[in-house]
Amino acid sequence: MDKIFRVNMTDLTTKIEEVPAAWAGLGGRGLTSTIVAAEVPPTCHALSPENKLVFAPGLLTGTAAANSGRLSAGAKSPLTGGIKESNAGGTAAQMLAKLGIKAIIIEGAPKTGAWYNLAVSANGVTINEEKELLGLGNFAVIDAVEARLGKKTGVLTIGPAGELKMTAANISVKDPDSKIRSHGRGGLGAVMGSKQIKFISIDGEGAKPVTIADPEKFKTAARAFSKALLDHPVSGEGLPTYGTNVLVNILNEAGGLPTKNFTVGQFEGHDKISGETMHDTIVARGGKPKHGCHAGCIIQCSQVYHDKEGKYVTSGFEYETIWGLGADCCIDNLDDIARADNLMDDIGIDSIETAVMFGVAMEAGILKWGDSKEMLRLLTDEIAKGTALGRVLGGGAASVGRTYGVTRVPVVKNQGIPAYDPRSVKGIGITYATSTMGADHTSGYTIATNILNVGGYVDPLKKDGQVELSRNLQIATAAVDSTGMCIFVAFPALDIPECLPALIDMINARFGIALTGDDVNNLGKYILKTEREFNQKAGLTNVHDRLPDFFKTEPVAPHNAVWDFTDEEIDEFWNF
Amino acid sequence: MQITLKLFATFRNGRFKVAEQELAEGTDVRQVVLSLGLTEEEIGIVMLNGRHGELDSKLSHGDTLSLFPLVGGG
Ligand code: SF4
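Residues numbered from 1 in each chain as written. Chains lettered and ligands numbered in written order. Predicted model: local features only at pLDDT ≥ 70, side-chain atom pairs only at ≥ 80, totals over all residues. Heavy atoms only, no water.

Where an unreviewed UniProt entry is consulted, chain B appears under the name MoaD/ThiS family protein, with the organism given as Geomonas anaerohicana.

Note the threshold: UniProt positions are given in the numbering used here, feature names are shortened, and annotations may be inferred rather than shown by experiment.
As named in an unreviewed UniProt entry, chain A is Aldehyde ferredoxin oxidoreductase, taken from Geomonas anaerohicana. Of chain A, the UniProt comment under Sequence similarities (unreviewed entry) reads exactly: "Belongs to the AOR/FOR family."

In structure tokens, the structure reads:
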């Protein structure tokens, strides 16, 4: 039977607990959000001992199901002040699932200034004082932990940003190449830092295959599911070839590529930072155009990017990062953007929040538009070192806007708005406004239907149908985030009729249950409502479900679109 | 009439990124697609002057037509 591992950092004790019946059917986001809602006082300070940091693999993680190896991390967010779930690939999720660990709950905080590491194994968790690796970047931590405990050790770590409790700090997860994937958004690295935990190691010794109630049925469903993933042109061909960065040119053509801190919708230098250019560059320099963030990913949207000398620069080089440091900061040098991506991984800071922040910092005059060298300097000399300026920058877009008196600050609930302009792609604006997570494109990715013609088509420039589209996608996404599946399974799931039933069949075969499509839908609704209730108790109500005013008053070229939803229309979202 | 034709992702292989094209009046998107040796099924997204277009959309002088295979990200 799966267990809950509980770690108390106040009295430095650990426990292994049975899984309460109410949590048995939950995994991933459904479980982290349920635990946070049940155990964290919504009004607590996110960096206080009252907050809890929860890790949970998904319901299908550890099985042979394709793309099921994602790990959810949850807590109250120091950035948004609301509930947070952020999921990532890497090796940790599958290791935890195979060790029979349903969730790790970390509570309390040390009473002294000492720092610790947690060692997770089949037998439980031990808490060890850590001195040697303090202050180090994430790559050095991963190398050192491997040297100490063995190459196969799983690692969750924070960099200097997390140690300094910056609200843009993330939690890094070791990937199969000993590089990094991130629980990026919402400042969860600061929560780990507040508990004075530098890293968590996972020893896979004693890991067993997860039990499957009906192996034959599982195999059939898993095969149908993989086939759907490979058959769909987006997951089967587009993502592996160009990665997510293929979107630069598409959004630029559609006039929805936020440029120069969201003042225009197209970027002159788009071709230099596009997915097509990146693909050719990677191939020419001997990098890897396709690569998976965890074993069992058959889509492989990730890649390994090399410099001119053919040396590793970064991997998992995503559209949102390239858009943000590129178009939004007017930088058309992909090599410098790749270097910044690597630095952000090492410092342990969210690459979306930080990219949006740099756009605001340029508007504030901290550095010039397009100055990629100064951007790199600010990352290494200010943010990584935690100078006063570095801490302001490491607080994210809203922090810089507030400190420097900038009014054009693209955030919702304090979290930076990513790579799609809500004026010219209106569905995603509804997602930014209403998501329980703050501005987050992944929580209801209407771009699929607004721009990519996946799951039908809803005109991005009109208001019609956007609230319903965002609602349906947010409900489905909350459920998918509970399975351990990568969200890109949504592309085939929206178009190929066999895909979603196969996913549900896998869950049923794994646990010997009989969920229907309605049950899965209800799970998604339950998760959103649980998160919303936490947020309301924390003081985030419908008045926080709004985009910044400038989207209403500043039309964005080329379509001269404005954000024109009324408050009542936005609030319709929650009618379910 | 003249239009600007932009191709993206795999459509560029063996073709071009962007080209000016001289077309007969009344040409529609489908005819341009077929003239490139592409099939209707291969077309993921048609954009005409930055808005979603259809294979049946008629082209006018000065239009920008952008063709994408089905691709995505997020
Ligand atoms: S498709 Fe990309 S994000 Fe999804 S599991 Fe694979 S590599 Fe990770």
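**Side note on the overall build of chain B**
Short version of the rule: Under the scheme used here, helices are H or I runs from DSSP no shorter than 4 residues and strands are E runs no shorter than 2 residues, and both carry numbers assigned from the N terminus. To get the radius of gyration, use the C-alpha atoms; to get the globule rule, take the number of residues to the power 0.38 and multiply by 2.2 Å. Each residue gets one of three labels from its accessible area relative to the maximum for its type: buried under 20%, exposed over 50%, partly exposed in between, using a 1.4 Å probe on protein chains only. The criterion used for residue contact is that any of the two residues' heavy atoms lie within 4.5 Å. In this description, accessible areas are obtained by the Shrake-Rupley approach with a 1.4 Å probe, and a residue is regarded as covered only by the protein chains that are shown. For the purpose of counting charges, residues Lys and Arg are taken to be positive, whereas Asp and Glu are taken to be negative. His and the chain ends are not included. A single reference atom marks each charge: NZ on Lys, CZ on Arg, CG on Asp, CD on Glu.
The helix and strand inventory of chain B stands at one helix and five strands. Ordered by position from N to C terminus, the α and β elements of chain B give β-β-α-β-β-β. The C-alpha atoms of chain B give 11 Å as radius of gyration, which agrees with the globular expectation for 74 residues (11 Å, within 12%). Along the first, second and third principal axes, the C-alpha atoms of chain B reach 35 × 25 × 20 Å. By the burial criterion, 55% of the 74 residues in chain B qualify as buried. Long-range contacts, defined as pairs at least 24 residues apart, comprise 54% of the intrachain contacts of chain B with a sequence gap of at least 6. When the accessible surface of chain B is summed, it comes to about 3,400 Å², and 47% of that surface belongs to carbon and sulfur atoms. Distance from the positive charge centre (7 side chains) to the negative charge centre (10 side chains) of chain B: 8 Å.

**A word on the environment of Asn 472 of chain A**
Note on placement: Asn 472 of chain A falls in helix H18 (residues 466-480). The sequence separation of Asn 472 of chain A and Pro 548 of chain A amounts to 76 residues, and the corresponding C-alpha distance is 24 Å.

**Focus on the sheet that holds strand S3 (residues 45-48) of chain B**
Residues and elements named next belong to chain B. Convention followed: Any two strands with at least two DSSP-identified bridges between them are counted as paired.
What the five strands build is an open sheet, ordered S2-S1-S5-S3-S4; its pairing is mixed. On the outer flanks of this sheet lie strand S2 (18-22) and strand S4 (51-52), each paired with one strand and no other. Two elements, strand S1 (residues 2-7) and strand S5 (residues 64-68), share four bridges in a ladder whose sense is parallel. Each residue of the ladder has a partner; that of Leu 5, found in S5, is Leu 65.

**Description of the site of the ligand**
Residues and elements named next belong to chain A. What counts, and what does not: For each residue, the test is whether any non-hydrogen atom lies within 4 Å of the molecule or strand; if one does, the residue is near. Using a grid of 1 Å spacing that covers the protein atoms alone, one calls a set of points a cavity when a 1.4 Å probe fits there but cannot get out, and a pocket when the set is open and has protein on both sides within 12 Å along at least five of seven lines; lining residues are those with an atom within 4 Å of a point. Assignment to a cavity or pocket requires that more than half of a molecule's atoms be within 2 Å of the site's grid points. Gly is placed with the polar residues, together with every amino acid not listed as nonpolar (Ala, Val, Leu, Ile, Met, Phe, Trp, Tyr, Cys and Pro) or charged (Asp, Glu, Lys and Arg).
Around the ligand lies a shell of 13 residues, among which Cys 293, His 294, Cys 297, Cys 301 and Cys 486 are the nearest. Judged by the fraction of its atoms near the pocket grid, the ligand is located in the largest cavity. Partitioning the shell around the ligand into residue classes produces six nonpolar, six polar and one charged.

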